[in-house]
Structures are given as C-alpha cells and as structure tokens.
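# Summary of the model geometry
Now for the letters of each chain:
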Amino acid sequence: MQSKGQLAAKIIGIILVLLLAAGLVAVLYKFTNGFNEDFKTFYVEHEGEQILSENSEMTFTEGKTHRFNVKYTFDTGQTEARDYSVEIVPNAEQDFEYTVDGETYLYSQAGDLSSAFSLKKQKSYFEITLREDMTVQSVLETVHPGQQVKVPENAADENPFPYALIVSSYNGNVSYRIAFGLGADVTGITLDPPGIVFIG
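Here's a quick rundown of the structure. Every chain begins its residue count from 1, and numbering advances along the sequence as written. Local features in a predicted model are, by the rule used here, given only for residues with pLDDT of at least 70; side-chain atom pairs are given and counted only at 80 or more, and totals for whole chains, interfaces and linings are based on all residues. Excluding hydrogens and water, the side-chain values take into account all heavy atoms of the structure.

Tracing the chain through its elements places Gly-181 in strand 12 (residues 175-183). Gly-181 sits 22 residues away from Asn-159 along the chain, and the two C-alpha atoms are 8.6 Å apart. By definition, residues are in contact when any of their heavy atoms lie within 4.5 Å. Those residues in contact with Gly-181 that lie beyond four places of it in its chain are Met-58, Thr-59, Phe-60, Pro-160, Phe-161 and Pro-162. Only runs of H or I of at least four residues qualify as helices and only runs of E of at least two qualify as strands under DSSP, and these elements are numbered from the N terminus.

Pairing between two strands requires that DSSP report at least two bridges joining them. With antiparallel pairing, the three strands of this open sheet are ordered in space as 7-6-10. Two strands close off the open sheet at either side, each with one partner strand: strand 7 (103-106) and strand 10 (149-150). Two strands pair when backbone bridges link them, and strand 6 (residues 97-100) and strand 7 are joined in this way by four bridges, in the antiparallel orientation. From the neighbouring strand, Glu-97 faces strand 7, where its bridge partner is Leu-106.

Moving on: the pattern of salt bridges. For this document, the term salt bridge refers to a Lys or Arg side-chain nitrogen within 4 Å of an Asp or Glu carboxyl oxygen. Across all of its chains, the model carries two salt bridges by this definition. Glu-45 serves as the salt-bridge partner of Lys-71, at 3.2 Å between the closest nitrogen and oxygen. Here Glu-45 lies in strand 1 (residues 42-46) and Lys-71 lies in strand 4 (residues 64-72), a separation of 26 residues in the sequence. Relative accessible area serves as the criterion here: at 32%, Lys-71 is assigned to the partly exposed category. One salt bridge in this structure joins Asp-83 and Lys-121, with 2.9 Å as the shortest N-O distance. Linking Asp-83 in the loop between strand 4 and strand 5 (84-90) with Lys-121 in strand 8 (residues 120-121), this pair joins segments that are 38 residues apart in sequence. Burial classification: accessible surface area is computed with a 1.4 Å probe over protein chains only, and a residue below 20% of its type maximum counts as buried, one above 50% as exposed, and the rest as partly exposed.

Put into structure tokens, the structure is as follows:
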C-alpha cells in the first residue's frame, strides 16, 4: 500500500507531466498558426508582436522608421546570427499601367522598391523609413530616377496595401509576405489564410 506521501508525490508528478504537455501543445499551436501551417523555425517580430503567418497586412504612418527583428526559433543568445533576405516589391493584386517618359510599364513588373523605403538590413533586424507624403508615384520616381513618371489617379484607391515586404530565412525554406500601406499608426496585423512556404 502506498503511503500518503507517495500518493501525493505521484499526483504531483502526473500534474507536472500534464502541465508540460499543455505547454508543449501551446507552443506548437503558436508556431503553427493554430495548427494550420508547418512549424516555424524562422519568424519576424515588429514592436514586440511576432508575425507567424505566411501572409499578413499592416498599415504604417509616414515620417517614421519601423524596425523588424528576425529570429530563428531554436537559436540562443550564444548562437551566431544567421543570414536572411528581405526586399520590398509591388503588391499588385490590382495591377495598373503607368508611364515613364511616355513608355508604358506594369506596376507588378516594377521590381525591387526597397530603395524608396531606405531599407537597411542588419544582422538580426532591418528597418524601413517612410518619408512624409509618400505615394505610389513618389516610390516609382525613386525606381526611375530623373525620368517623368505618370501614375493613374485611382491607383492608390484600388489597393490600400500597394507594397509587400518579403522576408525569407537564410536557406529560403521559410518566407513571409507582409503587404502594407501608408496611413494611420500601425493598427495591428491582419492574417490571411494559411501556409508557411517550405521548399524541398
């Protein structure tokens, strides 16, 4: 027969195992976007909020610099920072034509827009700077310096999130797409349907 002490120790042991299991489930839930995606080994963080969905949307205020930390889930303070890639490209769900010195281009084909946002990449974070009164036209004028750029008047009305941050892990196996627009202070992150992209 078990003594009261042995029984109490057994109950405490069972409770600890259950708590450990619950904690593990909570971590898995968080890093799989509610069990909808594969487990994240790489993620992005903005103002203390972790971005753990492949697709999200954000709104930023002009005239500010925004910092994004990049982290690998299993890295520690002693782990050497691993590389990553980041760029800003057109989010052209509603594509449009614009002209440069009279020649017609598609917004979706404008390529890398990073220079317009003064993108600065560091080992474990990157920053983007949004100038006052930024518009799609002023962004494209940066991409086509010294040339006359004309953008349709309704271009901004058609798409409230005309730009996309693409952040990928060092090996390209995990990639995040953060569509963003300019306006009020950051209102939070809106998540789109699943999945983190794992290649190979």
